[in-house]
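Here is what each chain is made of, one letter per residue.
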Amino acid sequence: MMSDGIMGNRMMIVGLTGGIATGKSTTAEMIRGAGIPVHDADAAVHQLMVPGGAAIAPITVMFGSDMVAEDGSVDRQKLGGVVFGDPEKRRALEAIIHPLVTAHRDRFLQEQQQKNKAVVVLDVPLLFETGGDAVCDHIIVVYASAETTAKRALARAGMTPAKFRAILASQMPVDEKKKRADLCLDSDLQPDSTRQDLIKWLAAINVPMIDSDQAQS
């Protein structure tokens, strides 16, 4: 649960997480559609690795200049190929990335509180693994069957069975995440069913719902 600290007691923080290819991004879009601000940790990582991004210099020092593409961005596929099969290198990369993403998240939270938002969502694949659940009042875990997640993941560009297995090995098992969740959403269901389960739960914790027209204003 969130302690008195960065956000005080005014704004509810909901964590959103799940394993690879479990449907978390689709759920995040449903939440945005309800007018709730979402901080996307993966998008923050991407920003850190574009030309001029804050992660480029330390990644170059740690992994070499060949990790940087001609346009000045980090070659994420090349970097992923190096770190996912090597736990020590993966931890070295996480030591660079996680503090930068946390700082990005904290700026987002401060901005949303200044806007007097009642609730925000933190979309974080490694929410539990990085201790991000400590700032959350509630946690949503999105899950799907092993067959579904494998099919979705292996359809992604640059994904291989070996890389998929390495990513799974780096994440807390989804069954363990589900035990820690306030809401478990099954993304094997039809999207409308998943959306209805989400909306009912948000209403149960007194989240004010905002229609899409208001969300765009």
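For the structure, check the block above.
Criteria and thresholds
- Residues numbered from 1 in each chain as written.
- Predicted model: local features only at pLDDT ≥ 70, side-chain atom pairs only at ≥ 80, totals over all residues.
- Heavy atoms only, no water.
- Buried < 20%, exposed > 50% of the residue type's maximum accessible area, 1.4 Å probe, protein only.
- Helix = DSSP H or I, 4+ residues; strand = E, 2+ residues; numbered from the N terminus.
- Pairing = 2+ DSSP bridges.
- Phe/Tyr/Trp six-rings, centres within 6.5 Å; stacked < 30°, edge-to-face > 60°.
- Lys NZ or Arg CZ within 6 Å of the ring centre and 35° of its normal.
- Polar contact = N/O pair within 3.5 Å; in protein donor to acceptor, adjacent residues only side chain to side chain.
- Contact = heavy atoms within 4.5 Å.

### Some details on the pairing of strand S4 (residues 138–143)
The buried fraction of S4 is high, at 6 of 6 residues. The alternating pattern of S4 places His138, Ile140 and Val142 on one face and Ile139, Val141 and Tyr143 on the opposite face, and all of these are buried. Inspection of the sheet shows strand S1 (residues 12–18) paired to S4 by 5 bridges, in the parallel sense. Note on S4: the bridge partner recorded for Gly18 is Val142. Sheet topology places S4 next to strand S5 (residues 183–186); 4 bridges connect them, and they run parallel. Residue pairing for S5: Ile140 is matched across the bridge by Leu183.

### Considering the environment of Lys200
Checked against the element boundaries, Lys200 lands in helix H9 (residues 191–204). The spatial distance from the C-alpha of Lys200 to the C-alpha of Gly81 is 41 Å, given a sequence separation of 119 residues.

### A closer look at the packing of aromatic side chains
All told, the structure shown has 0 aromatic pairs when counted by the stated rule. Over the ring of Tyr143 we find Lys178; its NZ or CZ atom is 3.8 Å from the centre of that ring. Sitting over the face of the ring of Phe128, Arg180 holds its NZ or CZ atom 5.5 Å from the ring centroid.

### A closer look at the side chain of Gln171
Inspection of the secondary structure assignment puts Gln171 in the loop between helix H7 (161–170) and helix H8 (174–179). The exposure class assigned to Gln171 is buried, which follows from its relative accessible area of 12%. A distance of 3.1 Å separates the side chain of Gln171 from the backbone nitrogen of Ile20, its partner in a polar contact. In this structure Gln171 touches Gly19, Ile20, Leu126 and Glu129, once residues within four positions along its chain are discounted.

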